[in-house]
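So you can see what is in the structure, the chains are spelled out below.
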Number of protein chains: 2
Amino acid sequence: MPYFDAASSAPLHPVARQALQASLDEGWADPARLYREGRRARMLLDAAREAAAEAVGCRADELVFTTSGTRAVHAGVAGALAGRRRVGRHLIVSSVEHSSVLHAAEVHEADGGTVTQVAVGRTGVVTPEAYAAALRPDTALACLQSANHEVGTVQPVAEVADVCREAGVPLLVDAAQSLGWGPVVGDWSLLTASAHKWGGPSGVGLLVVRKGVRFAPQGPADERESGRAAGFENIPAIVAAAASLRAVQAEAAEEAVRLRELTDRIRARVPEAVGDVEVVGDPVRRLPGIVTFSCLYVDGETLLHELDRSGFSVSSGSSCTSSTLTPSHVLKAMGVLSEGNVRVSLPSGASAEDVERFLQVLPGAVAGVREKLGAPAPETAVRGDFLVVDAVGKLCPIPVIELAKVIGDVPVGGTVRVLADDEAARLDIPAWCAMRGQEYVGEEPADQGSAYVVRRLA
Amino acid sequence: MPYFDAASSAPLHPVARQALQASLDEGWADPARLYREGRRARMLLDAAREAAAEAVGCRADELVFTTSGTRAVHAGVAGALAGRRRVGRHLIVSSVEHSSVLHAAEVHEADGGTVTQVAVGRTGVVTPEAYAAALRPDTALACLQSANHEVGTVQPVAEVADVCREAGVPLLVDAAQSLGWGPVVGDWSLLTASAHKWGGPSGVGLLVVRKGVRFAPQGPADERESGRAAGFENIPAIVAAAASLRAVQAEAAEEAVRLRELTDRIRARVPEAVGDVEVVGDPVRRLPGIVTFSCLYVDGETLLHELDRSGFSVSSGSSCTSSTLTPSHVLKAMGVLSEGNVRVSLPSGASAEDVERFLQVLPGAVAGVREKLGAPAPETAVRGDFLVVDAVGKLCPIPVIELAKVIGDVPVGGTVRVLADDEAARLDIPAWCAMRGQEYVGEEPADQGSAYVVRRLA
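Parameters and conventions
- Residues numbered from 1 in each chain as written.
- Chains lettered and ligands numbered in written order.
- Predicted model: local features only at pLDDT ≥ 70, side-chain atom pairs only at ≥ 80, totals over all residues.
- Heavy atoms only, no water.
- Salt bridge = Lys/Arg side-chain N within 4 Å of Asp/Glu carboxyl O.
- Buried < 20%, exposed > 50% of the residue type's maximum accessible area, 1.4 Å probe, protein only.
- Pairing = 2+ DSSP bridges.
- Helix = DSSP H or I, 4+ residues; strand = E, 2+ residues; numbered from the N terminus.
- Axes fitted to C-alpha atoms, helices over the stretch in contact; angles between N-to-C directions.
- Domains from an automatic or database assignment.
- Polar contact = N/O pair within 3.5 Å; in protein donor to acceptor, adjacent residues only side chain to side chain.
- Contact = heavy atoms within 4.5 Å.
- Buried area = accessible area lost by both parts, 1.4 Å probe.
- Phe/Tyr/Trp six-rings, centres within 6.5 Å; stacked < 30°, edge-to-face > 60°.
- Lys NZ or Arg CZ within 6 Å of the ring centre and 35° of its normal.
- Least-squares fit on C-alpha atoms with pLDDT ≥ 70 in both.

*Asks:* Help me get a handle on the pattern of salt bridges, residues and values and all.
*Replies:* For the structure shown, the criterion picks out 68 salt bridges over all chains. A:D30 is the salt-bridge partner of A:R33, the closest N and O atoms lying 3.8 Å from each other. Residue classification places A:R33 among the partly exposed residues on the basis of a relative accessible area of 25%. A salt bridge links A:R426 to A:E423; its shortest N-O distance comes to 3.4 Å. Within this structure, A:D5, A:R343, B:D30, B:R33, B:R224 and B:E233 form a network of salt bridges that share partners.

The structure is reproduced here in structure tokens:
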């Protein structure tokens, strides 16, 4: 039963399991106490900190353990902003950051701060120039992920760090997706990561604050972890996290080559085998194990369900049918097709056989979903040389399916107006036009939702 | 090697270990995902929530798992205060709460809120009348521990909850020390607890918010745990926490009788065997496993070190010689002797033999410390019928030792002025007077520190 969602959470690495079990007997006491159980706990904690710092490429006294990557981001962003409050309250983030960064930015904004979202290109990558343009005299902090969690695109962290350094602005790097593959290169100031992403246990994150970076921890005072992560330390999990990080990094070079070959196969063969597919993310500067593609005329959640029935666990950035009714902010920021989105993220050790089987199962699963969704007849009304498709009240991917069905019914040069109130249409209709060589004329307000105007070119 | 500091952290209960190991294989995936690994993780999480809720005596949807008791307190206090911001910004806490509560109160105060600390009696207990007197029309929240962590005194939670309920004010109960002994009785509104205190793993706390209690989670948004505890769930630890809570509560009635008998022995025999000892905390309304006493003319940290060398791990609320130079806020609030303070907190399963051995070792350890400290000769200067002891620059317990040495040198009715600049003297000199039947006249400002005036009565 292949699990292909390592970017969400990786199964426990054998080294993590071993270290966890070995330290349950010695790691439960309070490391702040001076008696022997406390001293043993302190020794384990200190050794784990040394090991993790070496794997990150920082000093041990720059690194604290938090209870998750999310907590590391929240504490890191809040502490760095507060530390530079006298400089100003401007925060820079990329538009494709993890939700923990964006949510930290939201509370900063709600609290009177200002936030600039740096746009990305169609592959999801930022440019150092865009960060340079966003920097202001009152910029307190900039944030950039080392690699994107949905599409695997690797960001130019070292270049952006240089730009920030020149302006005297600290850069916080969310390294959640990449730390298992190796230290983050570049002159960054703060770094966060999450152990369960590299095969460590749940309940452990890292927050690194380089010496010299102004940092003022927020929230109630607590003496643990240099005052940067409140609450009793989970030492067995911390030991397991550090041990597995070293183990995973030691295997990384070899495993990266193997997984990259497997994801290359998926990148190359899915468009052929499935049709009407857009593979998204940078084809070269990307994490070894992640590949993401979107399938026209497919609802992502139904496809995930079909794949789960066939034994494949993958995830999707298109949640058209989930409770939120909005497609992933990452795909939106990239301006790519979001419908029928599938993210395959291979865990360490994923087998070539399983990937081959996935490539055999996928086309049938997509075809099945498309067949089911193809049924509803569009309500169309002919008005001169243009057609109106009324898809109000219909959810992604129905508006695009109905557009595709009628485009051939207007003459070349004629237009189709798609009336839709589903948020995803705004993204997916232009994407469909780009894929199909049709002209996307634009969006106009309509009675309910919007009218999306498409001109037939071919 | 007996470990007698269960109130800090308890060794892992066998049921916790078993549950943790059993769920490592199934609990690592993201419970928000719909594929089978996610569904399995969700099932484990839901079952743990049901079990924990039953042990607490609440509905499952009222309970979320946090990453520590401290985090539960921070989130609970902040969320409850924000939820009732329209009512006002007044917070009530007892003066003997755990530091996590007091630190949460500090940030509230720093943010413009007001805080009332309810005083305790000499046994560390609050009265419902004192809470009633502290309530104001703008009171947003009251906090009270179920039992004190340093002296074991059980608080009248149900009565205080009634007083608060009548005023329409929610009561948050920090149940960290007592939940393993059974549910907290009474009509409380919020409750927090910490798994490693009952033999569960580190990394898990509980926050219960009763239906109908206004609650507005603070900090960056996060969809996990009803938005009340950000970060990826540590499901294996949560499963272990819930399983061990049930196991510990099932053993509680029998174990309580056994431990109470052991702590009664300590309460009765330490004063006889050691001399010049004040046993603190309520003799009856107290937790079964905790007993705390203070030894005159002893420095707590040195005594702890001696006991550690003899194989006993205990802790102390008197940190005269630690970095902070202030005695425990709990002992201070109770107005009891703080010097030479020792807290014995027996873990589940502590043996009578170990307790007997402790009672044999303790008198020698105390005598040894007293002998070492007895050496310095007091600098005294006779001025009529009173003496001046210059203990400026000397740390606890030296000022009290020097006072005791010279009290016999003035006639009955005469006075001794102790000049001291150590914070602990303010607490310990009056306590010594009460124990010795001498009159504590008062404190006066002096060139350096204060002059503490004592009149010889006997």
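Having seen the structure, we can now continue with the description.
*Asks:* How would you explain the sheet that holds strand β9 (residues 290-295) of chain B if you had to name every residue and give the values?
*Replies:* Across a sheet, paired strands are connected by hydrogen bonds in the backbone, their directions being either parallel or antiparallel. Residue and element names in this part refer to chain B. Spatially, three strands are ordered β8-β9-β10 in an open sheet, and the strand pairing comes out antiparallel. The sheet is open, and its two borders are formed by β8 (277-280) and β10 (341-345), each paired with just one other strand. Sheet twist, expressed as the average angle between the axes of neighbouring strands with direction ignored, equals 20°.

*Asks:* Provide a residue-level description of the domain arrangement of chain A, including the pertinent values.
*Replies:* Where the parts come together, the accessible area they lose is often given as the size of the interface. When cut into domains, chain A gives domain 1 (14-248), domain 2 (253-373) and domain 3 (380-455). Relative placement of domain 1 of chain A and domain 3 of chain A: their C-alpha centres are 44 Å apart.

*Asks:* Go over the side chain of A:E278, please, and point to the residues and values.
*Replies:* Residues and elements named next belong to chain A. Within the fold, E278 resides in strand β8 (residues 277-280). Residue E278 is classed as buried on the basis of its relative accessible area of 12%. In terms of polar contacts, E278 uses its side chain to reach the backbone amide nitrogen of L337, at 3.3 Å. Apart from residues no more than four positions distant in its own chain, E278 is found in contact with R122, T292, F293, S294, V336, L337 and M435.

*Asks:* Any chance you could break down helix α8 (residues 300-309) of chain B for me, citing the residues and the numbers?
*Replies:* Those residues of α8(B) that sit buried are B:G300, B:L303, B:L304, B:E306, B:L307 and B:D308. For α8(B), the elements touching its buried residues are α2 (36-56) of chain A together with β9, β10 and α10 (352-374) of chain B. Two or three places before B:E301, at the start of α8(B), stands the capping residue B:D299, its side-chain oxygen 3.0 Å from that residue's backbone nitrogen. Trailing α8(B) by a residue or two, B:G311 shows a phi angle of about 100°, which is positive.

*Asks:* Can you break down the environment of B:P128 residue by residue, with the values?
*Replies:* All names here are of chain B. Relative to the helices and strands, P128 resides in helix α5 (residues 128-134). The exposure class assigned to P128 is buried, which follows from its relative accessible area of 17%. Taking C-alpha positions, P128 is 24 Å from K211, a pair spaced 83 residues apart along the chain. If sequence neighbours within four positions are ignored, P128 has contacts with P156, E159, V160 and V163.

*Asks:* Quick rundown of the interface of chain A and chain B? Include the residues and the values.
*Replies:* Taken residue by residue, the interface counts 52 residues in chain A and 52 residues in chain B. Of the roughly 4300 Å² buried at the junction of chain A and chain B (both faces included), carbon and sulfur atoms supply 55%. Here chain A is connected to chain B by eight salt bridges. Residue B:R36 is joined to A:D308 by a salt bridge in which the shortest nitrogen-to-oxygen separation is 3.7 Å. At the junction of chain A and chain B, the tally comes to 26 residue pairs in polar contact (both at pLDDT 80 or more). Those elements that provide at least two residues to the side of chain A that touches chain B are α1 (14-23), α2, α3 (69-83), α4 (99-110) and α8 (300-309) of chain A.

*Asks:* Kindly report on the sheet that holds β8(A), identifying the contributing residues and their values.
*Replies:* Residues and elements named next belong to chain A. Read from one edge to the other, the open sheet built from three strands follows the order β8-β9-β10, with strand pairing classed as antiparallel. The open sheet has two edge strands with one neighbour each: β8 and β10 (341-345). Averaged over all pairs of adjacent strands, the angle between their axes in this sheet comes to 20°, without regard to strand direction. As defined by bridge partners, β8 adjoins strand β9 (residues 290-295) across four bridges and the pair is classed as antiparallel. Looking across to β9, one finds that E278 is bridged to S294.

*Asks:* Can you lay out the packing of aromatic side chains for me, pointing to particular residues and giving the numbers?
*Replies:* Inspection of the entire model under this criterion finds ten aromatic pairs over all chains. Between A:Y3 and B:Y35, the ring centres sit 5.6 Å apart and the planes meet at 80°, which makes this aromatic pair edge-to-face. Remark: B:Y35 occurs in the loop between α1 (14-23) and α2 (36-56) and A:Y3 occurs in the segment before α1; the pair is interchain, linking two chains. Residue A:Y3 is classed as buried on the basis of its relative accessible area of 7%. Members of the aromatic cluster, joined through ring pairs, are A:Y3, B:W28 and B:Y35. One Lys or Arg, A:R210, reaches over the ring of A:W188 and ends 4.0 Å from the middle of that ring.

*Asks:* Could you give an account of unusual backbone geometry, with specific residues and numbers?
*Replies:* All names here are of chain A. In the segment running from C396 into P397, the intervening peptide bond is cis, with an omega of 5°. Structurally, P397 is set in the loop between β12 (386-390) and α11 (398-406). In the Ramachandran plot, D276 falls in the positive-phi region, its phi being about 50° despite a non-glycine side chain. The residue D276 is located in the loop between α7 (235-274) and β8 in this model.

*Asks:* Describe the relation of the copies chain A and chain B, and please don't skip the residues or the numbers.
*Replies:* Take chain A, turn it by 180°, move it 0.0 Å along the axis, and it overlays chain B with an RMSD of 0.1 Å. Viewed as a symmetry operation, the transformation between the two copies matches a two-fold axis. Most of the interface of chain A is mirrored in chain B, where 100% of its interface residues again form contacts.

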